[in-house]
Amino acid sequence: MAPVVTRFAPSPTGYLHIGGARTALFNWAFARHTGGKMLLRIEDTDRERSTDGAVQAIFEGLKWLGLDWDDEPYMQFSRARRHAEVAEELLRRGQAYYCYCSPEELAQMRDDARANGKPPRYNGFWRDRDPAEAPKGVAPVIRIKAPQSGEIRVMDHVQGEVVFRAENLDDFIILRSDGTPTYMLAVVVDDHDMGVTHIIRGDDHLTNAARQIIIYQGMDWGVPDMAHIPLIHGPDGAKLSKRHGALGVEAYRQMGYLPEALRNYLARLGWSHGDEELFSTAQMVEWFSLEALNKGAARFDFAKLENINGHYIRLSEPARLYAVMLDTARELGRDRDAAGLDANRDTVLQALPELQPRAKTVVELIDLAQFIYATRPITVDPAAADLLTAEAKGHIQAFAAELADLTTWSVPAIDEAARAFAEARGLKLGKVAQPLRVALTGRTISPGIFEVMVLIGRQETLDRLYDQA
RNA sequence: GCGCCCUUCGUCUAUCGGUUAGGACGGCACCCUUUCACGGUGCAGAGAGGGGUUCGACUCCCCUAGGGCGCGCCA
């Protein structure tokens, strides 16, 4: 069997959105699983809407996600001449014809059809007409001569065999009047020329598959294997489209998600390997198969993504996390955090094992680390301030005095002192610890408060305590 | 409107004719505990509806309903 060649073919009219990212992931996983290649093709034939910025966003999005492609990326528009040649070849073969209808006439045609309760399709006006009748000065388009009876069968790895009756497909345009190819032609020619063996894409292309097969047949080319994967829907069940808030992958990075978490989560959306939930990318590659792809659309669930992200944060090396925190702080323009993180590298690194189990995202990790580089007097959350009662302040002051005299500044030593202090006054440890937490971090949530003291050091601890007492 | 696709707990899913329908997230309760997390234990929670086929259907077929996609000189 020939080596597998898949491709990811986004159009650069926006960022790399989450649905595209998953399509890329599946193409990538299948290629890696089979030891084949995944090619990248930028479908930039829409000159109006394609932008270089979008192309860069796609490259960067894929790189961040860790999805590497083989060979150089193909820029579809650069192959326009080849596409036109194929359109002309189709013309010579009698599989296509010139059509001189204007866009206005076509719009009228669709409106009329709709008004009569018929499908809005091209009526084949120029299909068998003598080109000699062509109006002067009108640049024609080339249309495929689609079969008018019989059926087109799409053999799909996910959807099974899907049958379309020929009369439901019209003679669509393959070459525009300006000589540039339409999507339908360009995809077929490129997939063929690039040697693509497996087309894995969203199932919004399922009906296009039937149209494309007509072109393959017109050229006597073999049709690649296909797998049309269901789309991702929003939490409300509606399409997760750009206009409904679908986000680019960089947005997920900015929200503090780790690429391996996103890969794991995305993989579970529409694909499964038994009851496996948390698995490495290598594991996914080993397990991946087209047959295990689901048919139904899945809804995007941030709660689960967060859970998975938390899992990978706990698994990460502090040094790596520190680097991501710094990058994220900078990317978000959080200058104070970036500076604080940068100036306290060692302390943050030491604190991370305490921070990791408490954070679901890198952004939360940054928030949790703020107590390390907070400047005195630290600002206290309004909600936390309630805990600083007169009585609590008394405890803080008294305990601070004891801390000043401690011989060893370590978690066990402080812990012992705190318990003795509480017991001597008939208090529960929480009664003492919680006000200390507020005075030291300004919040009610933080790592173990004795760890916090060791992290920021005795002097800073005493200073912060006296600030609040 | 026409065509095509889809339908198991709130969500993601397992099941590939015979299971007390399993797992994960989320929820709730309890345990751990200096807060919050993490971790642990337990509970609630599903086969859209209706017909068939079969000794036996979540599983196969048909209909209905609901949802999605497509029907551009966009991709």
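Right above here is the structure, for reference.
Residues numbered from 1 in each chain as written. Chains lettered and ligands numbered in written order. Predicted model: local features only at pLDDT ≥ 70, side-chain atom pairs only at ≥ 80, totals over all residues. Heavy atoms only, no water.

> Tell me about helix 14 (residues 362-373), residues and numbers included.
Here helix 14 contains 12 residues, and its C-alpha end-to-end distance of 17 Å stays within 8% of the 16 Å for a straight helix at 1.5 Å per residue. Most of helix 14 sits out of view: 10 of its 12 residues are buried. Among all positions in helix 14, only Val 362, Val 363, Leu 365, Ile 366, Leu 368, Ala 369, Gln 370, Phe 371, Ile 372 and Tyr 373 are buried. (Helix = DSSP H or I, 4+ residues; strand = E, 2+ residues; numbered from the N terminus. Expected span 1.5 Å × (residues − 1). Buried < 20%, exposed > 50% of the residue type's maximum accessible area, 1.4 Å probe, protein only.)

> So, the packing of aromatic side chains: which residues are in play, and what are the values?
All chains considered together, the criterion is met by 13 aromatic pairs. Consider the rings of Tyr 252 and Tyr 257, whose centres lie 6.2 Å apart with planes at 45°: the pair is tilted. Residue classification places Tyr 257 among the buried positions, given a relative accessible area of 5%. Ring centres of Trp 271 and Phe 279 lie 5.9 Å apart, and the angle between their planes is 80°; this geometry places the pair in the edge-to-face category. Both residues of the pair, Trp 271 and Phe 279, belong to the buried class. Aromatic ring contacts, followed pair by pair, group Phe 26, Phe 30, Trp 271, Phe 279, Trp 287 and Phe 288 into a single cluster. The residue whose ring lies beneath Arg 47 is Phe 77, and the NZ or CZ to ring-centre distance is 3.9 Å. The ring of Tyr 122 has Arg 143 lying over it, and the distance from NZ or CZ to the ring centre is 3.5 Å. (Phe/Tyr/Trp six-rings, centres within 6.5 Å; stacked < 30°, edge-to-face > 60°. Lys NZ or Arg CZ within 6 Å of the ring centre and 35° of its normal.)

> Report on the protein's contact with RNA strand B, specifying residues and quantitative values.
Taken together, 69 residues form the shell around RNA strand B, and within it Asp 46, Arg 176, Asp 275, Glu 277 and Pro 357 come nearest. Within the backbone of Tyr 183, one N or O atom sits 3.1 Å away from a phosphate oxygen of RNA strand B. Broken down by element, the residue count for the surface near RNA strand B peaks at five residues, all from helix 18 (residues 429-441). Of the residues that constitute the surface near RNA strand B, the class distribution is 24 nonpolar, 23 polar and 22 charged. (Near = heavy atom within 4 Å. Polar contact = N/O pair within 3.5 Å; in protein donor to acceptor, adjacent residues only side chain to side chain. Nonpolar A, V, L, I, M, F, W, Y, C, P; charged D, E, K, R; others polar.)

> Could you give me a rundown of the pairing of strand 5 (residues 141-144), with the residues and numbers involved?
Burial of the side chains of strand 5 extends over both faces: Val 141 and Arg 143 are buried on one face and Ile 142 and Ile 144 on the other. Examined bridge by bridge, strand 4 (residues 96-99) and strand 5 share four bridges and lie antiparallel to one another. Within strand 5, the position partnered with Cys 99 by the bridge is Val 141. The sheet contact formed by strand 5 and strand 8 (residues 173-175) spans two bridges and is antiparallel. Looking at strand 8, one finds that Arg 143 is bridged to Ile 173. (Pairing = 2+ DSSP bridges.)

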